[in-house]
Each structure stands twice: as structure tokens, then as C-alpha cells.
Amino acid sequence: MSKTLPDAIASPQQVQILRLEIGRCIDLLNEAARRKQSGAVEISADLKSVLGANEVSQENLKKIDDLLAKTSTWQVVHLQLPATPAPSLRAKLAGWFRDNIKHELLISFELNSNLAGGFAVRIGAKQFDHSFRSRLLQGSGAMEKVLAQVLQGKPNAGK
Amino acid sequence: MTSYYIVFGVIVALAAINYLCLFWILRLQNLVKAAESTAKISHEEHPSLKPQISPEKLAELNNKIEKQAEAAIEQASTSLKESLDKSLGQVGQNVGDLSDKIIQDELTKYQNALEEVRQASVDKLSEVQASIDKRRSELEEALTADVAAEKTKVLERFDKQIGEIVSAYLIEALGSGVDLGAQSSYIMATLEQNKAEIIKALENE
């Protein structure tokens, strides 16, 4: 099944922005048609990538808008990261989710600096915390063993 | 008590002896008087009888008897006095000895009683000391156990909290400057490991 959205377009926010842009472009094209002017408008790279993924030209922006409207029924995975991901990482993560979990999926990237590292995934009410913070807190019991070994002077303490 | 009886017996004996002496003297006098009266009566009743003893002789006899009686009385009195003095001395001595003995016995009893009281006090004090020592030992053991338990509790709390403290420090230290690019491999690998969980969560949503 071909993707409706390229991996670079992952989050619901991006979809909304695209739909707004499409709406603006459609308005501009209609205005140009009314004035009998050329119908080319400048579009963003994201919109270009969507048009390219669906092999649609600018004249069929409404079709893209309809496709984008359908994404409102898609499930959303909330991915929390300790820092803002680069566009390449966002695309990589979105691509993994759509290739391995479900094609029709939106990924919402959220910033949570308390994680210290790693990530957390929230799907509905369920959360999977794979952050460094949770691993450190869960491993505090191991700290006791390490301390005990250090105090006893055992070699390879903590290994 | 035996000494009293002995002394009393001696006094009674001496008194009896003196009484007998006096009685003997008085009897002699009575005999003499009786003899005189008999002689007189006999002479009056039988004038023909000549008195055997002449009045002068009789008077002499009376004098002799009186003198002997006086001497006997004096001797008896002297010996009574001597025996009384001796008896009194003996009694005094015996009373003194008896008093000393009684006092000594009472003192001995008093000392024995004091010794018993002292020993009872010492024993009681020893018991009290032993119970105090025992209680002190029990309290020391309890205190040692409490201190050890508290120490263990504190160490456990420290061990538990040190992990959280170190974790909080690391989180705070790592909070800024996170490089997601360096973590991307870890993120992808972890996602791959937990793929099934994520799929199941999406299906159940």
C-alpha cells in the first residue's frame, strides 16, 4: 500500500499546517483563474513532498486535502523525547512506526527534558517509558549493591 | 540464782546459830531463876532444909552467869556482825558478779542482734545490688539492640536514598545538552525490542 503521507509528514500539527497551506493555495489558484493569470503558486517543501508521494500536481490540491482530511481518523502515537529531534530523525522515526506498526499512523513529537535521554511512548492512556530517568530510578536498587560491593572492597563492583 | 540461795542460806544459818545462842543463854538464866526460886521455895516450904548454895555464892554465880551471858551475847553479836559483814560482802560481790554477768549477757545479746541486723542489711543490699546489676545488663543489651537496629535502619534508608539522589543528580546533569543524534541507535533498538507491546497497545486503544 502506498503511503498517503511521506515520512517527513508525521504529526497531526504538520497535517493541519499542510491543510491550511492547501486552502491558501487553492484560494490563490482560484483568484488567479478568475483573473485569468498563471496558476502556479509557491508551495512549501512539505507540500511538495506530499504531492510527490501521491503523484499529484498542484491543480489537484483538493484531492490532497481530502486525503489529508482522512488522517483525522488515524491513531496518534505520542512520542516524548528529551530534545527537539532533527527533521531527519523525525522522518526516520515516523518511517519506522509506519513500516513496523501501522501505515496509517500519526506521530506527535513532544518535548520532555526530564527524560534525560531515551524516549517515552504514549498510546491513549498507556505509556511506555524507556527514558534514562526511569532506568536510573528503577536501577537505584542496583546502586545499593554497588555501594555494598565497593564498601566490602570487592573487585568489579557494579559489573 | 544459786549464789543468792547460798548467801541466803548462810545468813539464815548464822541467824539461827545466834538465835540458838541467845535462846541457850536465856534458858540458862531461866534455869538459874528457876533454881533460885526452887531453892527459895524449898527453903520456905521446908525451912528445915538448908540452902545448898549461899546467897553470896548464888550472887556470884549470877554475876558469872550474867558475865558469861554478856560475853556470849557479845561474842554472838560479834560473830553475827562478822558473819553479816562477810555475808553482805559476799552478797555484794555476788550481786556485782551477777550484774556484770547479766550486763555482759545483755551486751552479748545486743551485739548478736546488731550483728544479725547488720548481716540482714548486708544481704539485702547485696540482693538490691544484684538486681540493679541485672537490670543494668538488661538495659544495656536492649540499648545495644536498639542502637544496632536504628543503625541498620539508617543505613538501609541511606542505601535506598543514595540511589535516588544519584539518579536525580544524573538526571539534572544530563538534563541539558542532550544529543538525540547520538541516541538514535538506542532509540531505534529499544523501539524494535518493544514493537509487540506498541502494536498491542494500538489494537487495544
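The following paragraphs examine the structure supplied in this document. (Residues numbered from 1 in each chain as written. Chains lettered and ligands numbered in written order. Predicted model: local features only at pLDDT ≥ 70, side-chain atom pairs only at ≥ 80, totals over all residues. Heavy atoms only, no water.)

### Regarding the overall build of chain B
For step 1, the next point in the chain: Along chain B, the regular secondary structure elements total 4 helices and 0 strands.
For step 2, the next point in the chain: Along chain B, helices and strands appear, N-terminal first, in the series α-α-α-α.
For step 3, the next point in the chain: Here chain B holds 205 residues, and the buried ones make up 12% of them.
For step 4, the next point in the chain: For chain B, restricting intrachain contacts to residue pairs at least 6 apart in sequence, the fraction spanning at least 24 positions comes to 79%. (Helix = DSSP H or I, 4+ residues; strand = E, 2+ residues; numbered from the N terminus. Buried < 20%, exposed > 50% of the residue type's maximum accessible area, 1.4 Å probe, protein only. Contact = heavy atoms within 4.5 Å.)

### Comments concerning the pairing of strand S1 (residues 75-81) of chain A
Residue and element names in this part refer to chain A.
For step 1, the next point in the chain: S1 sits mainly inside the fold: 6 of its 7 residues count as buried.
For step 2, the next point in the chain: Strand direction decides the pairing type here: S1 and strand S2 (residues 105-111), joined by 7 bridges, are parallel. Residue pairing across strands places Leu79 opposite Phe109, the latter belonging to S2.
For step 3, the next point in the chain: Once the chain exits S1 it traverses helix H4 (residues 87-100) before rejoining the sheet at S2, and the crossover so formed is right-handed.
For step 4, the next point in the chain: In this structure, S1 lies alongside strand S3 (residues 118-123), joined through 3 bridges in antiparallel fashion. Bridge pairing links Gln80 to Ala120 in S3. (Pairing = 2+ DSSP bridges. Right-handed = clockwise from strand over helix to strand, strands pointing away.)

### Let's talk about the pattern of salt bridges
For step 1, the next point in the chain: A full pass over the atoms with the stated rule returns 13 salt bridges over all chains.
For step 2, the next point in the chain: Between Lys101 of chain B and Asp105 of chain B there is a salt bridge whose closest N-O contact spans 3.4 Å. Of this pair, Lys101 of chain B and Asp105 of chain B both sit in helix H2 (residues 55-174), 4 residues apart, which is roughly one turn of the helix.
For step 3, the next point in the chain: Connected via shared salt-bridge partners are Glu31, Arg34 and Arg35 of chain A. (Salt bridge = Lys/Arg side-chain N within 4 Å of Asp/Glu carboxyl O.)

### Quick word on helix H3 (residues 61-70) of chain A
Residues and elements named next belong to chain A.
For step 1, the next point in the chain: Listed as buried for H3 are Leu61, Ile64, Asp65 and Leu68. Burial along H3 is one-sided: seen end-on, the buried residues are contained in an arc of 100°. Residues of H3 that are exposed and point more than 90 degrees away from the buried face comprise Lys63 and Lys70. (Arc of directions from axis to C-beta.)

### Regarding the sheet that holds S2 of chain A
For step 1, the next point in the chain: The mixed open sheet is built from 4 strands, whose spatial order is S2-S1-S3-S4 (chain A). On the outer flanks of this sheet lie S2 and strand S4 (126-131) of chain A, each paired with one strand and no other. Between one strand axis and the next, the sheet turns by 20° as a mean value, whatever way the strands run.
For step 2, the next point in the chain: Sheet contacts for H4 of chain A: S1 and S2 of chain A; angle to S2 of chain A, the most-contacted strand, approximately 140°.
For step 3, the next point in the chain: Strand contacts of helix H3 (residues 180-193) of chain B: S1, S3 and S4 of chain A, with the helix running at about 45° to S3 of chain A, the strand carrying the most contacts. (Axes fitted to C-alpha atoms, helices over the stretch in contact; angles between N-to-C directions.)

### Points about the packing of helix H2 (residues 45-54) of chain A against H3 of chain A
Residues and elements named next belong to chain A.
For step 1, the next point in the chain: H3 packs onto H2 with a crossing angle of 90° between their chain directions and a minimal axis gap of 11 Å. In this view, H2 runs roughly perpendicular relative to H3, as classed from their interaxial angle. Only Leu61, Ile64 and Leu67 of H3 make contact with H2, whose side of the interface consists of Leu47, Val50, Leu51 and Asn54.
For step 2, the next point in the chain: Grouping the amino acids of the contact of H2 with H3 by side-chain chemistry returns 6 nonpolar, 1 polar and no charged. (Parallel < 35°, antiparallel > 145°, perpendicular 65-115°, else oblique. Nonpolar A, V, L, I, M, F, W, Y, C, P; charged D, E, K, R; others polar.)

### Notes on the interface of chain B and chain A
For step 1, the next point in the chain: Each partner contributes to the interface: chain B provides 30 residues, whereas chain A provides 36 residues.
For step 2, the next point in the chain: For the pair chain B and chain A, the summed buried surface comes to about 3,000 Å²; carbon and sulfur atoms form 76% of the total.
For step 3, the next point in the chain: Of all residues in chain B, Ile171, Leu180 and Leu202 of chain B bury the most surface against chain A, accounting for 20% of the area lost on that side.
For step 4, the next point in the chain: On inspection of chain B and its partner chain A, the count reaches 0 salt bridges.
For step 5, the next point in the chain: Our count for the chain B to chain A interface comes out at 5 residue pairs in polar contact (both at pLDDT 80 or more).
For step 6, the next point in the chain: Listing elements by their share of the side of chain B that touches chain A, those giving two or more residues are H2, H3 and helix H4 (195-204) of chain B.
For step 7, the next point in the chain: Broken down by element, the residue count for the side of chain B that touches chain A peaks at 11 residues, all from H2 of chain B.
For step 8, the next point in the chain: Grouping the constituent residues of the side of chain B that touches chain A by class yields 16 nonpolar, 7 polar and 7 charged. (Buried area = accessible area lost by both parts, 1.4 Å probe. Polar contact = N/O pair within 3.5 Å; in protein donor to acceptor, adjacent residues only side chain to side chain.)

### What to know about the nonpolar core
For step 1, the next point in the chain: Counting residues in hydrophobic clusters, the biggest one holds 26 residues, and the most contacted among them are Leu79, Leu81, Leu93, Phe97, Val121 and Ile123 of chain A together with Leu191 of chain B.
For step 2, the next point in the chain: Sorting the residues of this core by element identifies S1, H4, S2 and S3 of chain A together with H3 and H4 of chain B as the ones contributing at least two each.
For step 3, the next point in the chain: A total of 5 residues in this core trace back to one element, the largest contributor, which is H4 of chain A.
For step 4, the next point in the chain: Beyond its immediate stretch of four places on either side in the chain, Ile123 of chain A contacts Val77 and Phe128 of chain A together with Ile198, Ala201, Leu202 and Glu205 of chain B.
For step 5, the next point in the chain: Counting residues in each nonpolar core, the second largest holds 19 residues, with Val15, Cys25, Leu51 and Ile64 of chain A among its members. (Core = buried A, V, L, I, M, F, W, Y, C linked by side-chain atoms within 4.5 Å.)

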